[in-house]
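Per-entry structural report
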Amino acid sequence: MSKLSIKGINLSEIVDKPDYASIIVVCGDHQGFRITEVQPAGKKRMTVKDYLQGNPNRIKNGMIMGE
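This report concerns the structure included in the present document. (Residues numbered from 1 in each chain as written. Predicted model: local features only at pLDDT ≥ 70, side-chain atom pairs only at ≥ 80, totals over all residues. Heavy atoms only, no water.)

**Side note on the side chain of Ser22**
Turning to its location among the elements, Ser22 is positioned in the loop between strand S2 (14-16) and strand S3 (23-27). Side chain to side chain, Ser22 and Arg34 meet in a polar contact 3.5 Å long. (Helix = DSSP H or I, 4+ residues; strand = E, 2+ residues; numbered from the N terminus. Polar contact = N/O pair within 3.5 Å; in protein donor to acceptor, adjacent residues only side chain to side chain.)

In structure tokens:
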């Protein structure tokens, strides 16, 4: 994960999906973290690219993680 500085965004908000290979989520102190792998409930860990393949709108900018 890469640490980025992001201001004016809600915590846990998805702010970007660069090249659909990762997602950037805003965390505490408005730091952004680049996530490259996910593990859906009951499934194996996979890359964000594989997770979004076939349905790139599964994760949208502005979504709040955990809702």
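Read on for the rest.
**Things to note about the layout of surface pockets**
Put simply, the largest pocket is a space of about 180 Å³. Every residue lining the largest pocket is counted, 13 residues in all, and those nearest its centre are Ile14, Tyr51, Ile59, Met63 and Met65. (1 Å grid on protein atoms, 1.4 Å probe; cavity = no way out; pocket = protein on both sides within 12 Å on 5 of 7 lines; lining within 4 Å. Points joined across faces, edges and corners; volume = space filled by probe spheres on them.)

**Section: unusual backbone geometry**
A positive phi angle is found at Tyr20, which is not glycine, with a value near 55°. Here Tyr20 lies in the loop between S2 and S3. In this structure Tyr20 comes out as partly exposed when scored by relative accessible area, which is 40%. (Buried < 20%, exposed > 50% of the residue type's maximum accessible area, 1.4 Å probe, protein only.)

**Focus: the pairing of strand S4 (residues 31-35)**
Across a regular strand the side chains alternate sides, sitting on one face of the sheet and then on the other. With five bridges joining them, S3 and S4 adopt antiparallel strand pairing. Considered in S4, the bridge of Ile23 is made with Ile35. Connecting S3 to the next strand, S4, in antiparallel fashion are three residues, including Asp29 with a positive phi near 55°. (Pairing = 2+ DSSP bridges.)

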